[in-house]
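Take a look at the letters that make up each chain.
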Amino acid sequence: MRIAMIGTGYVGLVSGACLSEFGHHVTCIDTDAEKVEQLRAGRIPIFEPGLDEVVAANTRAGRLSFGADLAGAVEDADAVFIAVGTPSRRGDGHADLTYVFHAAEEIAAALKRYTVVITKSTVPVGTGKKVEEIIRRIRPEAEFAVASNPEFLREGSAIEDFRRPDRIVVGTDSERAREVIKEVYRPLYLNETPIVFTSRETSELIKYASNAFLATKITFINEMADLCEKLGADVQDVARGMGLDGRIGAKFLHAGPGFGGSCFPKDALALLRTAREAEAPATIAEAVVAANESRKHAMAVRIERHFGDVAGKTIAVLGLTFKPNTDDMRDAPSLVIVPYLQQKGARIRAFDPEGHREARKLLNVELCANAYDALDGADGVVILTEWNEFRALDLARAKELLRRPLMVDLRNIYRPQQMAAAGFRYVSVGRAPVG
């Protein structure tokens, strides 16, 4: 099949590369000429483990290409994916659909034969209907169908998620479109990956509902962590005891400084806006959004409390991205915690294995070459992101480098007894401090 992927952001690039790996001929389109040239040269603008290898292999094989000619890619395509950005709109938190609708207009002008236009971007309920209306208004005679196919990729493991998804969700009432999309995902279909066919509106809501529910699990365990600290319980044991219940599951029951990234914060806000417009209360989602924002500030205050007066002190911060195995800092807890500490007079020395490029744009901090460079001469260390390399620090060396052996671990990557034995004052989340 011939596929056009409109947009080479995180979703478009990963999806396009993986679909070419399925044997399809995929052309990824972007309006940013410089970005297109980078991709043609094999330079990947985002960090995602394994993505560079998939792009290189399929580019060499002639199945994956990059360009700016949307019309040329669309006119030959059996399926066209819209995978452009839908950032939160200023003022009301709803998804900004400017890029989606602009793509629909350009696609309409380029259609030559029957084509399935598929919204891959995360969009509010009813967007597919509007996309169809736009195309029909511009090209009333065109043969096409509009379907919804939301992505469920986790940053840091997106390639594996695309190759072995839990499910594929497709929203369309067209039998012809269903057959085209089955062919798009033929390798997964043959492997009996569940494909959920629904209406467009249901498909669009499934994406928002899924992310809001996962965000709720994170927020819930964070509140249980606070309760554990008051009652002398251990949140990791609580989470394990809960997660062994098949009705609950262990995933996303990890206490920390709050969720961030490109999906959960934006999608929760968009769901709230949709619910308000529909006059259907979404009080749980509303509480999740509010609790998560206050969580980040509360963690900053916690750090300050354990360091004492931070004015004039140097604090080593390990991890700036919202999660490991990505360079994404969108809505990361570090964007709240680091400025708070700086406003209180602290000097921040930070290290993140992949986040330095984004950090330079978003934070005014001293960026170090490695973890030990950040620790050297600091009055204590804070762990904000659970990168694997932070799980195996040489504790004796770390203690020697620090002025004071204080670690505030907001990801619970160490055992309290281990840290106490190493001579640290160790503060984690949902567990009693030691040392």
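Residues numbered from 1 in each chain as written. Predicted model: local features only at pLDDT ≥ 70, side-chain atom pairs only at ≥ 80, totals over all residues. Heavy atoms only, no water.

Secondary structure assignment for the protein chain yields 18 helices and 14 strands. Relative to a compact globule of 435 residues, whose C-alpha radius of gyration would be 22 Å, the protein chain shows 23 Å and is just as compact. If one aligns the C-alpha atoms of the protein chain with their principal axes, the spans along those axes are about 75 × 50 × 40 Å. Across the 435 residues in the protein chain, those meeting the buried criterion constitute 53%. Long-range contacts, defined as pairs at least 24 residues apart, comprise 73% of the intrachain contacts of the protein chain with a sequence gap of at least 6. Carbon and sulfur atoms make up 50% of the accessible area of the protein chain, which amounts to about 19200 Å² in all. (Helix = DSSP H or I, 4+ residues; strand = E, 2+ residues; numbered from the N terminus. Rg over C-alpha atoms; globule rule 2.2 N^0.38 Å. Buried < 20%, exposed > 50% of the residue type's maximum accessible area, 1.4 Å probe, protein only. Contact = heavy atoms within 4.5 Å. Areas by Shrake-Rupley, 256 points an atom, 1.4 Å probe, with all protein chains shown as cover.)

A separate point is the packing of aromatic side chains. On inspection of all chains with the given rule, the structure shows 5 aromatic pairs. On the basis of an interplanar angle of 40° and a centroid distance of 6.3 Å, the ring pair of Phe162 and Tyr185 is categorised as tilted. Highlighted residues: Phe162 in helix α7 (residues 158-163) and Tyr185 in the loop between α8 (175-184) and α9 (186-190), separated in sequence by 23 residues. This pair shows no difference in class: Phe162 is buried, exactly as Tyr185 is. (Phe/Tyr/Trp six-rings, centres within 6.5 Å; stacked < 30°, edge-to-face > 60°.)

Before going further, it helps to spend a moment on the sheet that holds strand β9 (residues 314-318). Read across the open sheet, the 6 strands follow the order β11-β10-β9-β12-β13-β14; overall the sheet is parallel. A single partner strand is all that each edge strand has here, and the edge strands are β11 (366-367) and β14 (425-427). Examined bridge by bridge, strand β13 (residues 406-409) and β14 share 3 bridges and lie parallel to one another. For Val408, the partnering residue across the bridge sits in β14 and is Val427. Along the sheet, helix α13 (residues 283-307) makes contact with β9, β12 (381-383), β13 and β14, crossing β13 at roughly 165°. (Pairing = 2+ DSSP bridges. Axes fitted to C-alpha atoms, helices over the stretch in contact; angles between N-to-C directions.)

What the rule picks out here adds up to 27 salt bridges. Across the pair Arg113 and Asp78 runs a salt bridge, and its minimum N-O distance is 3.2 Å. Here Arg113 is found in the loop between α5 (98-110) and β5 (115-119), whereas its partner Asp78 is found in the loop between α4 (70-75) and β4 (79-82), with 35 residues between them in sequence. Exposure remark for Arg113: the relative accessible area of 37% places this residue in the partly exposed category. Asp78 sits in the partly exposed class, given a relative accessible area of 22%. Between Arg273 and Glu277 there is a salt bridge, with the nearest N and O atoms lying 3.3 Å from each other. (Salt bridge = Lys/Arg side-chain N within 4 Å of Asp/Glu carboxyl O.)

Core analysis: the largest hydrophobic core is formed by 40 residues, its most contacted members being Leu19, Phe66, Phe81, Val116 and Tyr185. Here this core gets 7 residues from one element, more than from any other, and that element is helix α1 (residues 10-21). Ranked by size, the runner-up nonpolar core spans 35 residues in total, among them Ile29, Leu97, Leu111 and Ala268. (Core = buried A, V, L, I, M, F, W, Y, C linked by side-chain atoms within 4.5 Å.)

What follows concerns the packing of helix α10 (residues 200-231) against α13. It is at 9 Å that the axes of α10 and α13 come closest, and there the two elements cross at 45°. On the basis of their axis angle, the class for α10 and α13 is oblique. Along this stretch, α10 crosses α13, giving a crossing that reads as left-handed. Contacts from Ala215, Thr216, Thr219, Asn222, Glu223, Ala225, Asp226 and Glu229 in α10 reach Ile284, Val288, Ala291, Arg295 and Arg302 in α13. (Parallel < 35°, antiparallel > 145°, perpendicular 65-115°, else oblique. Left-handed = near helix turned anticlockwise from the far one by under 90°.)

Turning our attention to α8. Regarding α8, the residues found buried are Ala177, Val180, Ile181 and Val184. Looking down the long axis of α8, one finds its buried residues gathered within 95° of arc, a one-sided arrangement. (Arc of directions from axis to C-beta.)

This paragraph deals with the packing of α13 against helix α14 (residues 334-343). Relative to each other, α13 and α14 sit at 40°, their axes nearing to 8 Å. It follows from the interaxial angle that α13 and α14 lie oblique. For α13 against α14, the interelement crossing comes out right-handed. Contacts between α13 and α14 involve Lys296, His297, Met299, Ala300, Val301, Ile303 and Glu304 from the former and Val336, Ile337, Tyr340 and Leu341 from the latter.

Before going further, it helps to spend a moment on the side chain of Arg302. Among the secondary structure elements, Arg302 is positioned in helix α13. In this structure Arg302 comes out as buried when scored by relative accessible area, which is 6%. The residues contacting Arg302, other than those within four sequence positions of it, are Asp226, Glu229, Leu410, Ser428 and Val429.

Within the secondary structure, His356 sits in helix α15 (residues 356-362). The class of His356 is buried, set by a relative accessible area of 15%. In this structure, His356 is in contact with Ala350, Phe351, Leu367 and Cys368, ignoring residues within four places of it in sequence.

One can find Thr274 in helix α12 (residues 264-277). Judged by its relative accessible area of 18%, Thr274 falls in the buried class. Separated by 152 residues in sequence, Thr274 and Tyr426 have C-alpha atoms that sit 43 Å apart.

Residues of β13 alternate between two faces, with Leu406 and Val408 on one and Met407 and Asp409 on the opposite face, all of them buried. Bridge analysis of β12 against β13 gives 3 bridges, and the strand direction is parallel. Across the sheet, residue Ile383 finds its bridge partner in β13, namely Asp409. For the handedness criterion, the β-α-β arrangement of β12, helix α17 (residues 395-401) and β13 is classed as right-handed. Crossover connection from β13 via helix α18 (residues 416-421) to parallel β14: handedness right-handed. (Right-handed = clockwise from strand over helix to strand, strands pointing away.)

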